[in-house]
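The primary structure of each chain is shown beneath.
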Amino acid sequence: MKKIISFTLLITVLFCFSSCSTQTRPDILMFSERLADIDARYGFSYYDMFIYENEHHVYLSICKENDVMLSFTTGSNSNIENITVTAFSDTIPANKEKEELQKVFNAVIDSFAILSDKEKEEKEKCLSYNNTGIYFTDIYETYSSLRNNFIFSSNPTFMCLYCEYYEVMTN
């Protein structure tokens, strides 16, 4: 009987360790590497960033120099807690640039949030960032998954995609 209990306890501990080993939120380096794997232009290093009021900022040059800004905050364990992608209408005037911005939005979400297929489908229904025809119009849309909040907002001057991680409290 002791052997069965010991074996069961050992298996339980091993499963607990394996579930803790996967990181649900990337740190800065991991996030940059994931972005660079999608498109080399999206990768950045610590030396590309500046920090203002505890928020990291980095400019990406997608179609023109410094045309998209990533802003993010990190928690006490250095994992990224939220990310904002911001674009200015003067730097994204044509359809080609809007399509490139759409790719950045998708890359950021794929690199930051771990979503189930169902959550991805629901997000696509709630957020219209994949419709470049409505870019830089008045939009404010939200979607919440089990672990992430998303806000897609736009006006004639700016456009932002905000992604935030949060812990689900279960009883």
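Our subject is the structure listed above.
In what follows, the accompanying structure is described. (Residues numbered from 1 in each chain as written. Predicted model: local features only at pLDDT ≥ 70, side-chain atom pairs only at ≥ 80, totals over all residues. Heavy atoms only, no water.)

1. Looking at the packing of aromatic side chains
In this structure the tally under the stated criterion is twelve aromatic pairs. Consider the rings of Tyr129 and Phe152, whose centres lie 6.3 Å apart with planes at 65 degrees: the pair is edge-to-face. Taken as a pair, Tyr129 in the loop between helix H4 (117–126) and strand S5 (139–144) and Phe152 in strand S6 (residues 148–154) lie far apart in primary sequence, 23 residues in all. Feature note: the residues Phe105, Tyr129, Tyr135 and Phe152 constitute an aromatic cluster, connected by ring pairs. (Phe/Tyr/Trp six-rings, centres within 6.5 Å; stacked < 30°, edge-to-face > 60°. Helix = DSSP H or I, 4+ residues; strand = E, 2+ residues; numbered from the N terminus.)

2. Here's the deal with the sheet that holds strand S2 (residues 55–60)
Hydrogen bonds between backbone groups are what pair the strands of a sheet, and the pairing can be parallel or antiparallel. Strand order in the open sheet formed by seven strands is S1-S2-S3-S4-S7-S6-S5, and the pairing between neighbours is antiparallel. Looking at the sheet topology across the chains shown, the edges are occupied by strand S1 (49–52) and S5. Pairwise comparison of adjacent strand axes, ignoring direction, gives a mean angle of 15 degrees for this sheet. Across six bridges, the pairing between S5 and S6 is antiparallel. (Pairing = 2+ DSSP bridges. Axes fitted to C-alpha atoms, helices over the stretch in contact; angles between N-to-C directions.)

3. Comments concerning the pattern of salt bridges
Under the counting rule described, the total for this entry stands at five salt bridges. Notably, a salt bridge pairs Lys103 with Glu100, separated by 3.4 Å at the nearest N-O pair. Taken together, the positions of Lys103 and Glu100, both in helix H3 (residues 95–112) and three residues apart, correspond to about one turn of that helix. In this structure Lys103 comes out as partly exposed when scored by relative accessible area, which is 45%. In this structure, the salt-bridge partner of Glu124 is Lys123, at a minimum N-O distance of 2.8 Å. Overlapping salt bridges, with partners in common, bring together Asp39, Arg41, Glu100 and Lys103 in one network. (Salt bridge = Lys/Arg side-chain N within 4 Å of Asp/Glu carboxyl O. Buried < 20%, exposed > 50% of the residue type's maximum accessible area, 1.4 Å probe, protein only.)

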